[in-house]
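Overview (structure and organization)
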Amino acid sequence: QVQLVESGGGLVQAGGSLRVSCAASGHTFRRYAVGWFRQAPGKEREFVAGISWSGISTVYKDSVKGRFSISRDNAKNTVYLEMDSLKPEDTAVYYCAVDGKIGPATSDYAHGHLQEYDYWGQGTQVTVSS
């Protein structure tokens, strides 16, 4: 089983930056696609960014393109989400998730389909003040 722990959340002012991290235990990230999702109070959980197992492919929610950047360090079993130019509407609990389906090594792509992710962390709070 894969266990995920998010960290790095906090309170920042609009226009500021923050990097959240997702560390895995119990298994490695080597062949797993990973995604970041977020959920604001009273709203549904939504996709933010995804990265393929090798890191060669990434995909982003339209509203964060150019501001957020996802990366991974498979040797450290860690995935990062760098968030720049933060806006109050970015305020949410940010969750890391892993797609536990391991395909051929040539199947190396990112995706944002929430229902296809199998393992989830507990989340880290990101609050952006205006």
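Above: the structure in question.
In this report, the structure presented in the accompanying data block is examined. Per chain, the residues get numbers from 1 upward, laid out in the order the sequence is written. In keeping with the model being predicted, local features are shown solely for residues with a pLDDT of at least 70 and side-chain atom pairs are shown and tallied solely at 80 or more, while totals for entire chains, interfaces and linings include all residues. Here the side-chain values reflect all heavy atoms present in the structure, with hydrogen atoms and water set aside.

Centre distance and the angle of the planes are the two values used to describe a pair of aromatic rings. Centre distance within 6.5 Å is the pairing criterion for rings of Phe, Tyr and Trp, where only the six-membered ring of Trp is used; planes under 30 degrees apart are then read as stacked, over 60 as edge-to-face, and the remainder as tilted. Tallied over the full model, the rule gives three aromatic pairs. Between the aromatic rings of Phe37 and Phe47, the centroid separation amounts to 5.6 Å while the plane-to-plane angle is 70°, which identifies the pairing as edge-to-face. Here Phe37 is found in strand S4 (residues 33–39), whereas its partner Phe47 is found in strand S5 (residues 46–51), with ten residues between them in sequence. Burial classes: relative accessible area under 20% of the type maximum marks a residue as buried, over 50% as exposed, and values in between as partly exposed (1.4 Å probe, protein chains only). The exposure class assigned to Phe37 is buried, which follows from its relative accessible area of 0%. The exposure class assigned to Phe47 is buried, which follows from its relative accessible area of 14%. A centroid spacing of 5.2 Å and a plane angle of 75° characterise the contact between Phe37 and Tyr117, whose relative ring orientation is edge-to-face. Separated by 80 residues along the polypeptide, Phe37 in strand S4 and Tyr117 in the loop between strand S9 (92–99) and strand S10 (119–120) bring together distant segments of the chain. Labels follow the DSSP assignment, with helices taken as runs of H or I lasting at least four residues and strands as runs of E lasting at least two, numbered in each case from the N terminus.

Now for the sheet that holds strand S1 (residues 3–7). One bridge is not enough; two strands pair if DSSP finds at least two bridges between them. One open sheet holds the four strands; their spatial order is S1-S3-S8-S7, and the pairing between them is antiparallel. Only two strands of the sheet have a single partner each, and these edge strands are S1 and strand S7 (68–73). The average undirected angle you get between the axes of adjacent strands in this sheet is 15°. Here S1 pairs with strand S3 (residues 18–25) via five bridges, running antiparallel. For every element, the axis is a line fit to its C-alpha atoms; helices are fit only across the contacting stretch, and the angle between N-to-C directions ranges from 0 to 180 degrees.

So far we have only geometry, and geometry alone does not tell us how the molecule works.
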